[in-house]
Amino acid sequence: MEFSEHIKTANVEDVVLRQPLHPPGRGTLCITGHHLLFSDREEGSCRQVLLLLRNIDAIEKSVENLLTCSGLFSNAGLSQRLSGSSGTITIKCKDLRVLQLDIPGMEECLNIARSIETLSCLDSMSELYPFFYRPSSASLRDQWGLSSLERHYSQMKELHDRWRLSTVNRDFSVCPSYPQAVIVPKSTDDDMLEKVAKFRQGGRFPVLCYYHKKNGMVIMRSSQPLTGANRKHCREDEQLLQAVIDGSDKGYIIDTRSSQQALQARMTGGGLESKSCYSSWKRLQRQMERGKALQESLIKLVEACGEESNNMDRWLSKLENSKWLSHVQTALSTAGLLAECVERDGHSVLVHGSEGTDSTLLISTLAQLIMDPSCRTLEGFLTLLEREWVQAGHPFQQRCAHSAHSHARLQQESPVFLLLLDCVWQLWRQFPLALGFSEALLLRLATEAYASDYGTFLGNNQQERCALGVKENTHCLFQALLRPRERDCYSNPLYEHTELAIWPSVYPQSLQLWRGFFLRWTPQTHHLEEAQEEIRNMVIEWGKLALSSCPASTRRSEDVQNM
Amino acid sequence: MASPVSVYNSNALDTHISSSSRESLKMELLADVSLLPGEERIIDKETIYICPFSGAVKGKVLITNYRLYFKSLDPDLTLDVPLGAIGRVEKMGGASSRGENSYGLDITCKDMRNLRFALKQEGHSRRDIFELIFKYAFPLSHGLPLFAYVTQEKYGESGWDIYKPIEEFRRQGLPNNKWRITFINKNYELCDTYPTVLAVPFKSKEEDLRRVAAFRSRGRIPVLSWIHRENQAVIARCSQPLVGMSGKRNKDDERYLDVIREANDTSKLTIFDARPSVNAVANKATGGGYEGDEYQNAELVFLDIQNIHVMRESLKKLKDIVYPNVEDSHWLSSLESTHWLEHVKLVLSGAIQVADKVSSGQSVVVHCSDGWDRTAQLTSLAMLMLDSHYRTLRGFQVLIEKEWISFGHKFASRIGHGDKNHADQDRSPIFVQFIDCVWQMTKQFPTAFEFNERLLLTILDHLYSCCFGTFLYNCESARDQHEVRLKTVSLWSLVNSKMEMYLNPFYTPESGRVLYPVASMRHLELWVTYYIRWNPRIRQQQQSPVEQRYKELLALRDEYLKKLEELQLSDSSPSSRLANTPNSSSSTSSTPPQQYTQLQTPL
């Protein structure tokens with residue numbers, strides 16, 4: 001397909017662009033296969049706005065056609081009036097920015113709108129921009145990705161006793177959404193795994209995702225067992241799980257559905273682990289909202305945030321009604337429960353919901369951040385995301401096809417990854433010293449997941465990425481984020497390594513709206529961002545001094561009594 | 001642990017119930033209480049503290065003439081409450097009450113908490129302690145002195161010297177050819193709730209001032225609070241005009257306001273009436289009112305801020321949803337129904353309008369009814385936005401001394417220091433609301449304030465404690481009469497003796513910058529670490545490492561500034577190693593100071 005088919009008008013002069021935080025500008029608008037480019041050359045100042053069309057969630061157009069009301073006039077004035085017609089396109093982006101273009105010429109306006117509509121949601125993945133993005137600073141031969149399951153396993157020597165790396169999925173035939181290598185109990189051979197895979201939805205058999213070094217307990221994740229209405233069971237599945245808690249008295253299964261939902265799932269072939277078959281496992285049902293409900297919550301929240309009037313009536317009620325913060329709360333408290341089982345209670349846990357690709361990943365990731373200091377550094381966090389989201393098969397393509405503004409009928413969209421980032425932000429706010437990365441990183445990830453120059457979030461799983469040649473033909477976001485300049489900007493200068501678990505407070509009073517994201521395009525949030533930047537630079541500057549001279553005497557002021 | 005708890009409780013470790021050795025003897029429970037100079041033990045008693053978070057706790061309570069101190073070992077729990085924070089003491093249950101712990105004392109505090117103690121039912125065991133708490137918590141109702149008059153803590157510098165009106169006017173560039181300093185009120189004859197030193201228009205003679213005073217509620221005439229150095233626009237404050245039902249006029253008052261306008265050739269003077277317009281109209285019935293059309297060249301703007309009674313009820317509602325149990329199921333809508341944040345928003349947005357007018361070059365007059373509650377909030381917040389000096393640790397003290405204390409915010413009536421009359425309709429958390437607004441600003445501008453949250457908490461704690469003279473009495477004349485400056489210590493003596501505790505490591509002075517906070521509900525937050533701080537789950541476990549880190553950063557910053565100074569000194573000295581190569585010297589030495597000037601703090 002040629003992109004030019006979809007571009008009837010490539011250039012328009014004299015367009016007015018209105019965008020948040022900037023005064024309106026007049027300049028040239030240009031549409032390419034992947035971008036909207038606006039250049040403003042007023043009074044010597046040259047400003048360019050380059051917007052990835054993929055970032056556009058929805059557009060609204062209104063044209064002022066002077067012709068329709070001037071039918072009575074002679075034809076002589078027609079061309080003149082045509083040129084007098086104009087249109088306005090409102091662009092709502094997936095990063096929640098709202099732009100407005102005033103375009104002279106009705107036809108031009110409609111052409112541009114049509115181009116945007118088509119090109120912003122191309123179906124074929126191989127036509128997406130990451131396959132065309134060729135920055136001069138990087139080469140396609142550069143390392144792709146930060147780590148692999150193989151490397152992860154070989155580094156974790158303490159695993160080797162009881163766990164092995166299986167490549168039963170090397171051609172993605174056992175589980176299409178799993179990576180080629182997975183970590184499983186040593187006593188479980190590949191034949192067994194194939195049988196277990198048939199008993200779990202989508203073939204997602206239980207695999208190890210976290211090993212807690214302090215006590216040797218693990219977090220496993222999977223999808224629901226396919227017990228169905230007649231309560232099938234699978235000997236191999238039971239054996240696999242028994243092998244996980246070998247030597248321990250019991251394990252926990254955290255099911256991210258309510259008991260009722262889990263029971264109902266039987267009617268459609270799914271189900272839950274019965275007490276009789278898994279006698280050493282104790283099931284904990286913790287309902288987490290997913291799918292459509294989550295997407296609708298996001299839509300409500302963004303709508304409330306976008307309301308124009310400053311004299312916001314009932315803002316807090318609207319915030320509450322969106323339920324977004326209660327989803328944050330549920331995610332954090334379920335992750336807390338998971339971490340508590342492993343860290344405080346000293347037992348291994350299996351996590352799953354139904355498909356095991358959404359809320360499962362959400363809470364396993366958060367629990368690891370809570371417990372494991374090594375994933376709280378910038379590099380550690382990105383590696384965690386790569387392993388637990390990209391490689392573990394979170395269907396980014398489906399979940400992030402549209403965001404809160406889209407009018408398109410919802411299909412598989414759901415802001416699970418955004419919810420994760422919000423939860424991480426809450427942790428970051430409650431523990432300003434414990435995480436090695438900045439809010440800017442979370443904001444960048446929230447944008448990149450929906451529209452990106454990089455191939456990292458393309459496709460729904462490793463199989464799709466292999467088929468597309470993502471590794472060979474696109475650049476890797478995580479590598480880019482770790483280049484020296486980016487590293488400077490995305491690290492937290494206040495960071496101090498702590499071995500302690502960071503238990504978040506999950507009470508509604510302790511959770512805040514993530515203004516940095518949801519109110520990102522308001523001047524106040526922008527000022528706050530600048531102030532944060534200033535603080536970063538200050539601390540970095542002081543830190544350099546501390547390194548260059550003899551260590552600054554850490555003066556300890558006398559202990560302070562709180563009255 | 002048998003199984004994970006059903007509700008995941010992150011703050012399982014209650015910070016004020018920390019583990020400690022049980023070996024210390026019960027006898028010594030109260031041995032380690034460190035008393036202030038002049039503080040005396042009055043009574044101690046075995047008692048049960050009914051903690052709303054961890055249940056009934058056995059221990060010992062000590063009452064001194066300053067504090068209520070409770071200590072238990074199992075769990076290790078300490079309560080240390082200044083008696084000044086107590087608003088009300090009641091007996092709970094009777095001698096024949098049934099049920100465990102149903103007999104005792106119920107104490108309502110002014111700082112968002114209540115305390116309950118259970119005592120033995122036999123032998124009127126609570127009678128003595130009840131009477132003693134009642135007596136020492138409300139000394140003024142019992143003919144006793146406030147504790148500030150009893151204690152004699154010594155500090156390096158006297159906080160009473162922090163604010164000198166003449167010096168502060170001089171800092172603002174006053175007097176000048178338009179504004180003069182007058183001592184007409186030196187014996188509080190013009191206005192008994194105003195300070196002695198006032199700045200008034202140069203053109204207005206003393207008899208003009210007297211005639212204006214007759215037309216302003218309680219003689220609180222318009223006087224200058226702050227002047228903009230560049231455009232000479234001023235913030236003037238006063239009380240409402242005594243218009244009354246008959247719509248009285250006063251030519252002198254009209255002329256006086258016009259003189260204020262003329263002082264910097266403002267075309268129109270803006271009068272900000274803090275009240276909702278209905279209230280302003282209603283005030284006519286009691287002799288008050290607002291400026292009508294007869295004030296030429298003036299525009300009147302109502303700021304819609306509710307009165308002290310509405311604010312008191314709003315904070316009471318807030319307390320209901322946060323103490324002892326926090327309303328969790330519908331937290332945000334419950335919070336909304338208290339309207340507290342909405343009131344905060346209106347106060348802030350009023351102050352923004354004042355600041356905006358002044359920075360655009362127009363003089364303003366601010367008043368409410370008496371000009372000592374909402375007016376003080378508006379002028380002081382506007383000044384905080386306009387003048388970076390007030391955003392320093394010392395400057396903020398000056399701001400409070402000036403706009404609140406010297407101009408007669410009725411601290412005694414609003415707080416009720418030492419007064420048993422808890423239901424007094426004069427009580428209102430106006431000053432707390434002001435500090436809340438300041439906190440909101442520090443949140444929105446994390447590098448603009450030299451002081452930190454701890455200072456705000458300390459100020460609010462001592463607003464009630466009666467340990468310092470700073471917030472005692474309603475006005476300067478009363479303070480003079482009771483010799484507050486001679487006989488009590490200023491809170492600022494304490495603060496300035498431990499300044500490093502109250503400093504914000506990220507402070508970056510920008511002298512010319514006007515701060516406009518966003519007064520939108522979307523950007524306001526409940527000040528959880530003040531209003532819900534008694535709830536153990538709100539206390540952040542990580543608070544102490546953060547404070548420790550901030551202290552390290554402060555030290556690092558000081559080191560940095562010192563290095564910088566040395567660098568500049570060595571650059572300018574002839575012995576500098578680059579001195580003989582003038583070209584390179586000028587290029588290298590000029591860059592760093594420029595780059596870093598913003599970091600030089602006037603500590």
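Residues numbered from 1 in each chain as written. Chains lettered and ligands numbered in written order. Predicted model: local features only at pLDDT ≥ 70, side-chain atom pairs only at ≥ 80, totals over all residues. Heavy atoms only, no water.

**Student:** Outline the packing of helix 4 (residues 190–199) of chain A against helix 5 (residues 235–244) of chain A, listing residues and values.
**Tutor:** A pair of packed helices can be characterised by two numbers: the angle between their axes and the separation between those axes. Residues and elements named next belong to chain A. Between helix 4 and helix 5, whose axes approach to 8 Å, the crossing angle comes to 110°. The orientation of helix 4 with respect to helix 5, classified from their angle, is roughly perpendicular. For the pair helix 4 and helix 5, the sense of crossing is left-handed. Here helix 4 contributes M192, L193, K195, V196 and F199 to the contact with helix 5, which in turn contributes E236, D237, Q239 and L240. Residues of the contact of helix 4 with helix 5, tallied by class, amount to five nonpolar, one polar and three charged. (Axes fitted to C-alpha atoms, helices over the stretch in contact; angles between N-to-C directions. Helix = DSSP H or I, 4+ residues; strand = E, 2+ residues; numbered from the N terminus. Parallel < 35°, antiparallel > 145°, perpendicular 65-115°, else oblique. Left-handed = near helix turned anticlockwise from the far one by under 90°. Contact = heavy atoms within 4.5 Å. Nonpolar A, V, L, I, M, F, W, Y, C, P; charged D, E, K, R; others polar.)

**Student:** Tell me what's going on with the state of the cysteines, and back it up with residues and numbers.
**Tutor:** Here the structure, examined in full by the defined rule, presents zero disulfides over all chains. For B:C51, which is in no disulfide, the shortest distance to another cysteine sulfur is to B:C109 and amounts to 13 Å. (Disulfide = S-S within 2.5 Å.)

**Student:** Account for helix 12 (residues 430–444) of chain B, with residues named and values stated.
**Tutor:** The terminal C-alpha atoms of helix 12 of chain B, which comprises 15 residues, lie 21 Å apart, in line with the 21 Å expected from a rise of 1.5 Å per residue. Burial of helix 12 of chain B is extensive: 14 of the 15 residues sit out of reach of the surface. (Expected span 1.5 Å × (residues − 1). Buried < 20%, exposed > 50% of the residue type's maximum accessible area, 1.4 Å probe, protein only.)

**Student:** Give me the UniProt feature "active site" (unreviewed entry) in chain B: which residues, what numbers.
**Tutor:** Residues and elements named next belong to chain B. Listed under "active site" (unreviewed entry) in the UniProt record, and renumbered for this structure, are C368. In this structure, C368 sits in the loop between strand 14 (364–367) and helix 9 (374–386). Residue contacts for C368: discarding those within four places in its chain leaves C238, S239, Q240, D273, A274, R275, D373, R374 and T375. (UniProt positions renumbered as here; feature names shortened; annotations may be inferred.)

**Student:** Help me get a handle on the sheet that holds strand 5 (residues 86–92) of chain B, residues and values and all.
**Tutor:** Residue and element names in this part refer to chain B. Strand order across the open sheet formed by seven strands is 4-3-2-1-7-6-5, with antiparallel pairing between neighbours. Sheet topology places strand 4 (77–82) and strand 5 at the edges, where each strand pairs with a single neighbour. If you compare each strand with its neighbour and ignore which way they point, the axes differ by 30° on average. As defined by bridge partners, strand 2 (residues 55–64) adjoins strand 3 (residues 67–72) across four bridges and the pair is classed as antiparallel. If you follow L62 over to strand 3, its bridge partner there is Y69. (Pairing = 2+ DSSP bridges.)

**Student:** Break down the sheet that holds strand 2 (residues 25–31) of chain A for me, citing the residues and quoting the values.
**Tutor:** Residues and elements named next belong to chain A. In space, the seven strands of this open sheet follow the order 4-3-2-1-7-6-5, with antiparallel pairing throughout. Edge positions in the sheet fall to strand 4 (47–52) and strand 5 (56–64), since each has one partner strand and no second. Each strand of the sheet is rotated relative to its neighbour by a mean of 30°, with strand direction disregarded. Here strand 1 (residues 11–18) runs beside strand 7 (residues 98–104); their pairing, made up of three bridges, is antiparallel. Paired with L17 across the strands is L101, a residue of strand 7.

**Student:** Go over the confidence of the model for chain A, please, and point to the residues and values.
**Tutor:** Across chain A, the average pLDDT comes to 89, with 92% of residues at or above 70. Throughout residues 76–81 of chain A the model reports pLDDT below 50, and contacts reaching past four residues in sequence, or to other chains, amount to four contacts. (pLDDT = per-residue confidence, 0-100.)

**Student:** Talk me through the pairing of strand 12 (residues 269–273) of chain B; I want residue IDs and the actual numbers.
**Tutor:** Residues and elements named next belong to chain B. In terms of burial, strand 12 is largely enclosed, as five of its five residues are buried. Burial along strand 12 is two-sided: L269, I271 and D273 facing one way and T270 and F272 facing the other are all buried. Both strand 12 and strand 13 (residues 298–302) contribute to a ladder of five bridges, which runs parallel. Within strand 13, the position partnered with T270 by the bridge is E299. Handedness of the crossover joining strand 12 and strand 13 through helix 5 (residues 277–282): right-handed. Two strands pair when backbone bridges link them, and strand 12 and strand 14 are joined in this way by four bridges, in the parallel orientation. Bridged to T270 within strand 14 is V364. (Right-handed = clockwise from strand over helix to strand, strands pointing away.)

**Student:** Tell me about the packing of aromatic side chains, and please be specific about residues and values.
**Tutor:** One pass over the full model with this rule turns up 38 aromatic pairs over all chains. Ring geometry for A:Y133 versus A:Y454: centroids 5.4 Å apart, planes at 75°, classification edge-to-face. Residue A:Y133 is found in the loop between helix 2 (106–119) and helix 3 (149–155), and its partner A:Y454 is found in the loop between helix 14 (439–448) and helix 15 (462–468); the two are separated by 321 residues along the sequence. For A:Y454, a relative accessible area of 7% corresponds to the buried category. Three or more aromatic residues link up through ring pairs in this structure, and these residues are B:F396, B:W404, B:F411, B:F431, B:F434, B:F449, B:F451 and B:F471. (Phe/Tyr/Trp six-rings, centres within 6.5 Å; stacked < 30°, edge-to-face > 60°.)

**Student:** I'd like a description of the confidence of the model for chain B, backed by residues and values.
**Tutor:** Residues and elements named next belong to chain B. Averaged over every residue, the pLDDT of chain B is 88; the share at 70 or more is 89%. Across residues 1–26, confidence stays below pLDDT 50; counting only partners more than four residues off in sequence or on other chains, it has 56 contacts. Across residues 574–603 the pLDDT falls below 50, and counting only partners more than four positions away or on other chains, this stretch makes 31 contacts in the model. Confidence metrics for the complex model read pTM 0.89 and ipTM 0.88.

**Student:** Got a sec to walk through the nonpolar core? Specific residues and values, please.
**Tutor:** Among the nonpolar cores identified, the biggest contains 256 residues, and A:I91, A:L445, A:F518, B:F396, B:F431 and B:Y531 are the most heavily contacted of them. With sequence-adjacent residues up to four places away left out, B:Y531 is seen in contact with B:M112, B:L315, B:L318, B:V322, B:W340, B:V432, B:D436 and B:L526. Judged by nonpolar contacts, the second largest core, of 33 residues, contains B:V200, B:I227, B:Y256 and B:L257. (Core = buried A, V, L, I, M, F, W, Y, C linked by side-chain atoms within 4.5 Å.)

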